[in-house]
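# Working through the structure, step by step
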Amino acid sequence: MVLACSKPQAHTKTILTSPVLEQIRKRDFSLRPYLQRSNKRAFLQIASTLLPIAGLWLLLPKAFAISPLLVAPILVLLILFSSRCFSLMHDCGHQSLFRDNILNHIVGFILGVINAIPQHPWSRGHAYHHRHNGNWDLYRGPSALITSAEYASYSPWRKRFYQFLRHPLMLFPGGFFYLIIKPRAALILGSLDFAIDSLRHISNNGFCKWQLLISNHRSRHWYTASEFWHILGNNICVVAAWVLMGSWLGLGLFWVSYSIVMTTSAAIMICFFFVQHNFEGSYAHTTNDWDSFKGDIEGSSFLKMNRIFNWFSADIGYHNVHHLCEGIPNYNLRACHEANAELLKNIKVLNLVDIPSCFNLILWDRDKQQLATIP
């Protein structure tokens, strides 16, 4: 079965106006041969990720009994495998990991439990990013950056607080909140919203239209009924896993180890996502003159890493290829990149040493339509 790219075809004939990429069109790229998905390769990827995670958790208490120092290398490996697990969950959200969509849904849910985040709602939000990449009127990345004009209007204290929240070290508490706290808070606060709406409905209408209330309720924490059921199912499974793991390992060893692994792996993936769109010269336009193809090719970078880091990140470094056609599975991204190397030779290439400089670009100059640093 072949997946079609979901980008609107109206943009495939757009000609880039930047000097280095002038005259390149989306239709010039060879993408279709790399859309082929393989259940066998997908299952091998899942097995090569989940089995080591299980083995490392089994090994952790034995290592701790010998010496707490032996726990450190186990945690490092767990962080790397957890990062890969998140990237594979990302592929399931694009329906690109397995050939059968039902497998993408089932495995995606399981990976979401391991990552402690509801996969379906996360994937829907991520799809919004893909539809609007480069349109900074609608989407400003995981850090919700503000415009230069907004920053200029801030008080000195508020400016310092804004810079503090977007400091690279804030990736770690941000990662803990993103995976451990936010999904649980979404369920609790969303359920509270529903309870309040229900009481208001009952006081005004009685129980006569109860089913209508359930079907029409809209929460700030989920957008559809299916998202709610995924959030509920994820929370039940995650909390149950926490209880079982805490009982087995002991609450202290489990929560210290688990918090380090989840916080750091989340920080790594958020960092990768941030720098692959926030870099010098990134396409950052308003809605009026936004073009999706430019957003793909100029608003996404190629994060160049060695094969080890590429494996643990499931080749997410080939991010511009991924944005050109999100239906390409991760195990075909490198081949697609190499097949289109001539067309991609002038794209933005980042190395790991370039990452710190990307965190200086925390403003959007709306008038110049470019990312900017703090004055």
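Located above this text is the structure these notes cover.
Starting afresh in each chain, residues are numbered from 1 along the sequence in its written order. Where local features are concerned, this predicted model is filtered to residues with pLDDT of at least 70; where side-chain atom pairs are given and counted, the filter is 80 or more; whole-chain, interface and lining totals use all residues. Excluding hydrogens and water, the side-chain values take into account all heavy atoms of the structure.

Secondary structure elements are defined from DSSP: runs of H or I of at least 4 residues count as helices, runs of E of at least 2 residues count as strands, and each element is numbered from the N terminus. Scanning the chain from N- to C-terminus turns up 15 helices and five strands. Across the 375 residues in the chain, those meeting the buried criterion constitute 50%. Once local pairs closer than 6 in sequence are excluded, the contacts in the chain between residues at least 24 apart make up 73%. On the chain, roughly 18,400 Å² of surface is accessible, and the fraction owed to carbon and sulfur atoms is 65%. Relative accessibility thresholds used throughout: buried, under 20% of the residue-type maximum; exposed, over 50%; partly exposed, between the two (1.4 Å probe, protein chains only). Contacts between residues were defined by any pair of non-hydrogen atoms, one from each residue, lying within 4.5 Å. In these tables, accessible area is a Shrake-Rupley quantity obtained with a 1.4 Å probe, and a residue counts as shielded only by the protein chains included in the view.

Backbone hydrogen bonds are what pair the strands of a sheet, in a parallel or an antiparallel way. Strand pairing is assigned whenever DSSP identifies at least 2 bridges connecting the two strands. With mixed pairing, the three strands of this open sheet are ordered in space as E1-E4-E5. Edge positions in the sheet fall to strand E1 (146-147) and strand E5 (370-372), since each has one partner strand and no second.

Moving on, we get to a nonpolar patch on the surface. Two joining distances apply to patches: 9 Å for like charges and 5 Å for nonpolar side chains (Val, Leu, Ile, Met, Phe, Trp, Tyr), and every residue must have over 30% relative accessible area and no salt bridge. Salt bridges are defined as contacts in which a side-chain nitrogen from Lys or Arg sits within 4 Å of a carboxyl oxygen from Asp or Glu. A contiguous nonpolar surface patch, about 330 Å² in accessible area, is contributed by Ile102, Ile106, Ile110 and Ile114. For isoleucine 106, the location among the structural elements is in helix H3 (residues 101-115).

This part takes up the packing of helix H2 (residues 71-93) against H3. Direction vectors running N to C along H2 and H3 enclose 145°, while the axes themselves pass 9 Å from each other. Handedness of the H2/H3 crossing: left-handed. Residues Ser82, Cys85, Phe86, Leu88, Met89 and Cys92 of H2 pack against Asn104, Val107, Gly108, Leu111, Gly112, Ile114 and Asn115 of H3. Orientation is described by axes fitted as lines to C-alpha atoms, over the contacting stretch for helices, and by angles from 0 to 180 degrees between their N-to-C directions. Two helices crossing with the near one rotated counterclockwise from the far one by less than a right angle form a left-handed crossing, whereas a clockwise rotation gives a right-handed crossing.

Our next topic: the packing of aromatic side chains. Note on ring pairs: Phe, Tyr and Trp rings are taken, using the six-membered ring of Trp, and paired if centres are within 6.5 Å. Classes follow the plane angle, with under 30 degrees stacked, over 60 edge-to-face and the rest tilted. Taken as a whole and assessed by the stated rule, the structure comprises 23 aromatic pairs. Taking 6.2 Å as the distance between ring centres and 80° as the angle between the ring planes, the aromatic pair formed by phenylalanine 29 and phenylalanine 293 counts as edge-to-face. Residue phenylalanine 29 is located in the segment before helix H1 (39-66), and its partner phenylalanine 293 is located in helix H11 (residues 292-298); the two are separated by 264 residues in the primary sequence. For the ring pair phenylalanine 43 and phenylalanine 98, a centre distance of 4.9 Å and an interplane angle of 70° mean the geometry is edge-to-face. Of this pair, phenylalanine 43 sits in helix H1 while phenylalanine 98 sits in the loop between H2 and H3, and the two are 55 residues apart along the sequence. Judged by relative accessible area, which is 43%, phenylalanine 43 ranks as partly exposed. These aromatic residues form a ring-pair network of at least three members: Trp57, Trp242, Phe254, Trp255 and Tyr258. Over the ring of tryptophan 311 we find arginine 84; its NZ or CZ atom is 3.8 Å from the centre of that ring. Only Lys NZ and Arg CZ are tested; either one counts as a charge over a ring when it is within 6 Å of the ring centre and within 35 degrees of the ring normal. Across from the ring centre of tyrosine 154, 4.0 Å away, lies the NZ or CZ of arginine 158, which sits over that ring.

In this section: the nonpolar core. Taken as a class, soluble globular proteins show a tendency for nonpolar side chains to be buried jointly. Counting residues in hydrophobic clusters, the biggest one holds 42 residues, and the most contacted among them are Trp57, Leu60, Leu78, Leu97, Leu111 and Tyr258. When residues of this core are traced back to their parent elements, those giving at least two are H1, H2, H3, helix H7 (171-205), helix H9 (225-249) and helix H10 (251-275). If sequence neighbours within four positions are ignored, leucine 78 has contacts with Ile53, Leu56, Trp57, Leu60 and Val261. We define the nonpolar core as a collection of buried residues of types Ala, Val, Leu, Ile, Met, Phe, Trp, Tyr and Cys that are connected through side-chain atoms lying within 4.5 Å of one another. Core analysis: the second largest hydrophobic core is formed by 18 residues, Tyr318, Cys325, Ile328 and Cys336 among them.

Opposite charge on two side chains permits them to pair, given that their charged atoms come into close proximity. For the coordinates displayed, the defined rule picks out five salt bridges. Here lysine 345 makes a salt bridge to glutamate 342, at a shortest N to O gap of 2.8 Å. Owing to a relative accessible area of 54%, lysine 345 belongs among the exposed residues under this scheme.

Tracing the backbone through its elements, the reader meets threonine 49 in helix H1. When residues no more than four places from it in sequence are discounted, the contact partners of threonine 49 are Phe81, Arg84, Cys85 and Leu88.

On to unusual backbone geometry, then. The backbone phi angle of alanine 314 is positive, close to 55°, even though this residue is not glycine. Along the chain, alanine 314 turns up in the loop between helix H12 (307-312) and helix H13 (319-324). Given a relative accessible area of 4%, alanine 314 falls into the buried group.

Turning to H1, a few remarks are in order. Helix span, as expected, comes to 1.5 Å for every residue beyond the first. Between the first and last C-alpha of H1 there are 41 Å, a value that for 28 residues agrees with the 40 Å anticipated at 1.5 Å per step. At every residue, the bend is computed as the angle between two fitted axes, covering the seven residues ending there and the seven beginning there respectively. Where H1 bends most, the angle comes to about 30°, and this point is leucine 60, followed within four residues by the proline proline 61. Burial in H1 covers these residues: Asn39, Ala42, Gln45, Ile46, Thr49, Ile53, Leu56, Trp57, Leu60 and Ala63. Taken together, the buried residues of H1 touch H2, H3, H9, H10 and helix H14 (330-339).

A few words now on the side chain of histidine 130. Examined against the element boundaries, histidine 130 turns out to sit in helix H4 (residues 119-132). Polar contact criterion, stated in full: a pair of N or O atoms within 3.5 Å, where within protein one must be able to donate a hydrogen and the other to accept it, and residues adjacent in sequence count only if both atoms are side-chain atoms. One polar contact links histidine 130 to histidine 94, side chain to side chain, over a distance of 3.4 Å.

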